[in-house]
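Structural characterization, general
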Amino acid sequence: MILLEAAKLHKTYGNKFNKQEVLKGLDLKIFKGEFVSIMGASGSGKTTLLNVLSSIDRVSNGSIKIEGKDITGMKEKQLAEFRKQHLGFLFQDYNLLDTLTVKENILLPLSVSKTPRKEADQ
C-alpha cells in the first residue's frame, strides 16, 4: 500500500526576475512500513522537500497524496484538519514548551484534538 506519493514536484522561490528552483520534477513513493532517510548536501532541498510533503509549505507544481488523499488542492482549513488528524511532526529543534513537563508537551496535541484525558494518559 502506498502511504505517500509525490509526482512531478516543483518548488520555486522568488519572482520572475529572481527565481530559485529548489525541487525540479521530483517523483517519490513511500510504502506503508518503509523507513526512509533523506540525505544530501546543505542547500540541496531536503528541508524544502520535507516541508512540502508535510503540508507546511506548498509546491509550485505537482501533486502530493497521503494515503490516497491529494493534499495539494486542499484549502488552509482542510490542511489544518488533515494535519491534526493524520500527521505528526518532530522538528529538528524539538519546539517543546519550556514551561511544560515532557508529559505535558506530549499531551498538548491530544488535548487540542479533544482526546479524552484517560485515553491520552494511556
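We now turn to the structure provided with this report. Model, not experiment: these values are computed from the prediction.

Bringing the side chain of Asn105 into the picture now. Along the polypeptide, Asn105 turns up in helix α3 (residues 102-112). Given the relative accessible area of 13%, Asn105 is considered buried. Sequence-distant contacts of Asn105, defined by excluding residues within four places in its chain, comprise Leu96, Leu97 and Leu100.

Right, let's talk about the pattern of salt bridges for a bit. Applying the stated rule across the entire model yields six salt bridges. Across the salt bridge formed by Asp57 and Lys11, the nearest N and O atoms sit 3.4 Å from each other. Within this pair, whereas Asp57 is found in the loop between α1 (46-53) and β3 (61-66), its partner Lys11 is found in strand β1 (residues 2-15), the two being separated by 46 residues in sequence. Lys84 is paired through a salt bridge with Glu81; the nearest N and O atoms lie 3.6 Å apart. Taken together, the residues span about one helical turn, with Lys84 and Glu81 both in helix α2 (residues 76-86) at a distance of three residues. On the accessibility criterion, Glu81 (39% relative accessible area) is partly exposed. Each of the salt bridges in this network shares a partner with another, and the network as a whole consists of Lys103, Arg117 and Asp121.

With antiparallel pairing, four strands are arranged side by side in an open sheet as β2-β1-β3-β4. The two strands at the open ends of the sheet, each matched to only one other strand, are β2 (18-31) and β4 (69-70). Bridge count for β1 against β2 is eleven bridges, and the pairing is antiparallel. Among the inter-strand pairings, Ile2 is bridged to a residue of β2, identified as Phe31. This element, α1, spans β1, β2 and β3 of the sheet and lies at about 120° to β1.

Thresholds applied
- Residues numbered from 1 in each chain as written.
- Predicted model: local features only at pLDDT ≥ 70, side-chain atom pairs only at ≥ 80, totals over all residues.
- Heavy atoms only, no water.
- Helix = DSSP H or I, 4+ residues; strand = E, 2+ residues; numbered from the N terminus.
- Buried < 20%, exposed > 50% of the residue type's maximum accessible area, 1.4 Å probe, protein only.
- Contact = heavy atoms within 4.5 Å.
- Salt bridge = Lys/Arg side-chain N within 4 Å of Asp/Glu carboxyl O.
- Pairing = 2+ DSSP bridges.
- Axes fitted to C-alpha atoms, helices over the stretch in contact; angles between N-to-C directions.

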